[in-house]
Amino acid sequence: PQKEVFLLSHEEALQRIFINLIKNAMEAIDEPEKGKISIRLQETSEAVVVVVEDNGCGIPSSIQDKIFEPHFTTRSSGTGLGLAIVRELIEHLEGRIQFESQEGKGTVFYVYFSKNFTDKQPL
């Protein structure tokens, strides 16, 4: 049986976080007809975890430590701000983000939101 989980927070911030993660996943897929993006919800005793997984090209290990830096991009277009903004918004919401990636196999992002989060500060 599925359990409902509610995250009472800034709607616009959550939209920006997940739109950016899904857009990045879509752009990482070289062959759209074979692409797969899955979004799952997991729960630990302390956190709700949103998992965004793709079977795209993966992030080369040589640049994995840079992907959250402002203005870092591997694309010819775009500002390179998407993941930097995602991380900033998540941290503002007292959460954290991690990822695992294998070149040629895909990437999994884990977004953790504390169950004890209290929405005190404006964005």
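Calculation notes
- Residues numbered from 1 in each chain as written.
- Predicted model: local features only at pLDDT ≥ 70, side-chain atom pairs only at ≥ 80, totals over all residues.
- Heavy atoms only, no water.
- Buried < 20%, exposed > 50% of the residue type's maximum accessible area, 1.4 Å probe, protein only.
- Helix = DSSP H or I, 4+ residues; strand = E, 2+ residues; numbered from the N terminus.
- Pairing = 2+ DSSP bridges.
- pLDDT = per-residue confidence, 0-100.

Student: Go over the pairing of strand β2 (residues 47-54), please, and point to the residues and values.
Tutor: Of all the eight residues making up β2, seven are buried; the element is thus mostly covered by neighbouring parts of the structure. With seven bridges connecting them, strand β1 (residues 37-43) and β2 associate as antiparallel partners. Considered in β2, the bridge of I37 is made with D54. Counting the residues between successive antiparallel strands, the hairpin from β1 to β2 contains three residues. As paired strands, β2 and strand β4 (residues 106-114) are joined by eight bridges and run antiparallel to one another. In the sheet register, V52 faces β4, and the bridge partner there is F109.

Student: Talk me through the confidence of the model for the chain; I want residue IDs and the actual numbers.
Tutor: When pLDDT is averaged across the chain, the result is 88; 92% of the residues are at 70 or more. The secondary-structure element of the chain with the lowest mean pLDDT is β1, recorded at 93, while strand β3 (residues 96-102) shows the highest, at 97.

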